Amino acid sequence: MIRIRVQPEVFNAGQEIDAITHARSDIGAVVNFIGYVRDFNERPDVVALTLEHYPGMTEQSLQEIAKSAQERWPLEAITIIHRIGRLTPGDPIVLVAVASAHRQAAFDACNFVMDYLKTQAPFWKKEHSRSGDYWVAARHSDSDAVRRWENANE
Amino acid sequence: MTKLTHIDSKGQAHMVDVSGKALTARSATACASIKMRPETLEMIMTERHAKGDVLATARIAGIQAAKRTSDLIPLCHPLMLSKVSVEFEADPELPGMRVYATCKLAGQTGVEMEALTSVSVAALTLYDMCKAVDKHMVIGEIQVLEKRGGKSGDWSLGAEESTIPVDVLPISSALEKASDQNIRVRFFAHLREQVQRDECVLNCHELPIDATVSDVIQGLVAQDACLAQAFANESLLVAVNQTMVDRNAQVHPGDEVAFFPPVTGG
């Protein structure tokens, strides 16, 4: 089961995991990743960030990333929640939770979903720092991470 | 709520200071209609009118009027128009003439008032030229059809969701057809700020058959310096109908093409 949500509201990781495992006895492992807003990034004193996205395409793109993960590993459930709007340091931004019968598939699939989300899903961060506002630049390390999965595929 | 820009904080009329606004390529198209008896329309079209070439005279009147707009409309800025074109379309179903005026300039303020003044005076001139043979002509449906450039971005009557029922919208059938031929172009994040607009419309007639994303980019770059500068950045990504593609991907009428910088979510 794939659950995708793009929302300004905070999420509750515990509730999301409970929703995945509720009334299920075939799930042996749930791996989840939560991304948080840091107070340092390209500049040292980030006070807030604003997340812009492309409504419609965002949901579609996350759905497709989840589907590719399902094709690659035997998964029972994937939940992806991404927040939008203004967030401050310490706020959770993204949750990816992956359930499988065994831990290895869940670990790998969670990693895979995050790597693709970082390079494919249409989100953009504008950071507000004490020395001004700027759009965050994409990292080469993120596209390298995706290439790793593509090479593994061949 | 949108404020009336010609009213200041005290509720008094004032001319807006545009000196701080960016110089951008702007254009506006307006139309007017003039209903008349079918015989009058026939007379204009066959150039059998006693006063001579009705349309040529009305066209010159429309061009002159656009240039004089700031003399007529109190809070309008005097503008250095770079182009004024006035076209006529005979509509036997009206029956009558439709007048279209397009005004262009590179400047700091919009040109819709010039386009509206142009069609109004061209329609009045048509009336003047024909009043001897038809006293029941009615001038109406004077409105802006399309506006490009400037801070508020591109706007067109057909592309907007209107609260007016569609059947009473006096858009000419030709322009309605044109809107299905358009490509909706959207901009996001840093690019959106650079080009100073969320989206714009590209007419497919401006593109080759079998157009690709690269052709769309060329069409945009040709529109104004602001777009040309933004598209010099080769790392921009593109999505057609919300799916990421490369620049060789085909684009069809009615498609949504979005451009954006590399993504930075998560």
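As recorded by an unreviewed UniProt entry, chain B carries the name Cyclic pyranopterin monophosphate synthase and is attributed to Nitrincola nitratireducens. UniProt annotates chain B under Catalytic activity (unreviewed entry) with the comment "(8S)-3',8-cyclo-7,8-dihydroguanosine 5'-triphosphate = cyclic pyranopterin phosphate + diphosphate". In its Pathway (unreviewed entry) section, the UniProt record describing chain B reads: "Cofactor biosynthesis; molybdopterin biosynthesis."

Chain A goes by Molybdopterin synthase catalytic subunit in an unreviewed UniProt entry, where it is assigned to Nitrincola nitratireducens. The UniProt entry for chain A carries this comment under Pathway (unreviewed entry): "Cofactor biosynthesis; molybdopterin biosynthesis." Here is the UniProt Subunit (unreviewed entry) comment for chain A, exactly as written: "Heterotetramer of 2 MoaD subunits and 2 MoaE subunits. Also stable as homodimer. The enzyme changes between these two forms during catalysis."

Draft legend 1. Spotlight on the overall build of chain B. Across its full length, chain B carries 8 helices and 10 strands. Residue burial in chain B is summarised as follows: out of 266 residues, 45% are buried. Carbon and sulfur atoms make up 55% of the accessible area of chain B, which amounts to about 14,100 Å² in all.

Draft legend 2. The interface of chain B and chain A, seen in detail. Opposite the 20 residues of chain B that make contact, chain A presents 25 residues. Buried area between chain B and chain A, both sides added, is near 1,800 Å², and the carbon and sulfur share of it is 55%. The interface formed by chain B and chain A contains 2 salt bridges. The closest approach of N and O atoms between B:Arg192 and A:Glu52, which form a salt bridge, is 2.4 Å. Summed over the shared surface of chain B and chain A, the result is 12 residue pairs in polar contact (both at pLDDT 80 or more). Of all elements in the fold, only α6 (189-195), β9 (243-245) and β10 (256-260) of chain B reach the threshold of two or more residues within the side of chain B that touches chain A. When residues of the side of chain B that touches chain A are assigned to their parent elements, the largest contribution, 4 residues, is made by α6(B).

Draft legend 3. Representation of the packing of helix α2 (residues 57-72) of chain A against helix α3 (residues 103-120) of chain A. All names here are of chain A. Following both chains from N to C, one finds α2 and α3 inclined at 150°, their axes separated by 10 Å at the closest point. Judged by the inter-axis angle, α2 sits roughly antiparallel to α3. In this structure, the crossing between α2 and α3 has a hand that is right-handed. Judged by residue contacts, Ser61, Leu62, Ile65, Ser68, Ala69 and Arg72 of α2 engage Phe112, Val113, Tyr116, Leu117 and Gln120 from α3. Of the residues that constitute the contact of α2 with α3, the class distribution is 7 nonpolar, 3 polar and 1 charged.

Draft legend 4. Broad picture of the domain arrangement of chain B. Residue and element names in this part refer to chain B. Domain annotation of chain B identifies domain 1 (24-170) and domain 2 (182-260). Each of domain 1 and domain 2 has a C-alpha centre, and these two points are 30 Å apart. In total, about 570 Å² of surface goes out of reach between domain 1 and domain 2, with carbon and sulfur atoms giving 43% of it. It is Ala25, Arg148 and Asp154 in domain 1 that bury the most area against domain 2; as a group they hold 58% of the surface buried on that side. Joining domain 1 to domain 2, the criterion identifies 1 residue pair in polar contact (both at pLDDT 80 or more). A per-class count over the side of domain 1 that touches domain 2 returns 1 nonpolar, 3 polar and 3 charged.

Draft legend 5. Layout of the sheet that holds strand β7 (residues 199-203) of chain B. Residue and element names in this part refer to chain B. Strand order in the open sheet made by the 5 strands is β7-β6-β10-β8-β9, with mixed pairing throughout. In this open sheet, the two edge strands, each paired with only one partner strand, are β7 and β9. Strand-to-strand twist in this sheet, taken as the mean axis angle between neighbours without regard to direction, amounts to 30°. Bridge count between strand β8 (residues 237-240) and β10: 4 bridges; the pairing is antiparallel. Residue pairing in the sheet places alanine 239 in a bridge with alanine 258 of β10. Docked against the sheet, helix α7 (residues 213-223) engages β6 (182-187), β7, β8, β9 and β10, running at close to 105° with respect to β7.

Draft legend 6. Geometry of the pairing of strand β4 (residues 75-83) of chain A. Residue and element names in this part refer to chain A. β4 sits mainly inside the fold: 8 of its 9 residues count as buried. Relative to β4, strand β1 (residues 2-7) runs parallel, the two sharing 6 bridges. Each residue of the ladder has a partner; that of isoleucine 2, found in β4, is isoleucine 78. Here β4 pairs with strand β6 (residues 92-100) via 7 bridges, running antiparallel. Each residue of the ladder has a partner; that of leucine 75, found in β6, is serine 100.

Draft legend 7. Seen up close, the nonpolar core. Within the largest apolar cluster, 34 residues are counted, with the highest numbers of intra-cluster contacts made by A:Leu62, A:Trp73, A:Leu75, A:Ile80 and A:Val96. Ranked by residue count, the leading element in this core is α3(A), at 9 residues. When near neighbours in sequence (up to four residues on either side) are disregarded, A:Val96 contacts A:Val31, A:Asn32, A:Phe33, A:Thr79, A:Ile80, A:Cys110, A:Val113 and A:Met114. Core analysis: the next-biggest nonpolar cluster, separate from the first, contains 29 residues, B:Val54, B:Ala58, B:Ala66 and B:Phe88 among them.

Draft legend 8. Geometry of the environment of A:Val98. Residues and elements named next belong to chain A. Mapped onto the elements, valine 98 comes out in strand β6. By relative accessible area, valine 98 is classed as buried at 0%. Sequence-distant contacts of valine 98, that is, excluding residues within four places in its chain, are made with Ala29, Val30, Val31, Leu75, Ala77, Ile78, Ala106, Ala109 and Cys110.

Criteria and cut-off values
Residues numbered from 1 in each chain as written. Chains lettered and ligands numbered in written order. Predicted model: local features only at pLDDT ≥ 70, side-chain atom pairs only at ≥ 80, totals over all residues. Heavy atoms only, no water. UniProt positions renumbered as here; feature names shortened; annotations may be inferred. Helix = DSSP H or I, 4+ residues; strand = E, 2+ residues; numbered from the N terminus. Buried < 20%, exposed > 50% of the residue type's maximum accessible area, 1.4 Å probe, protein only. Areas by Shrake-Rupley, 256 points an atom, 1.4 Å probe, with all protein chains shown as cover. Contact = heavy atoms within 4.5 Å. Buried area = accessible area lost by both parts, 1.4 Å probe. Salt bridge = Lys/Arg side-chain N within 4 Å of Asp/Glu carboxyl O. Polar contact = N/O pair within 3.5 Å; in protein donor to acceptor, adjacent residues only side chain to side chain. Axes fitted to C-alpha atoms, helices over the stretch in contact; angles between N-to-C directions. Parallel < 35°, antiparallel > 145°, perpendicular 65-115°, else oblique. Left-handed = near helix turned anticlockwise from the far one by under 90°. Nonpolar A, V, L, I, M, F, W, Y, C, P; charged D, E, K, R; others polar. Domains from an automatic or database assignment. Pairing = 2+ DSSP bridges. Core = buried A, V, L, I, M, F, W, Y, C linked by side-chain atoms within 4.5 Å.

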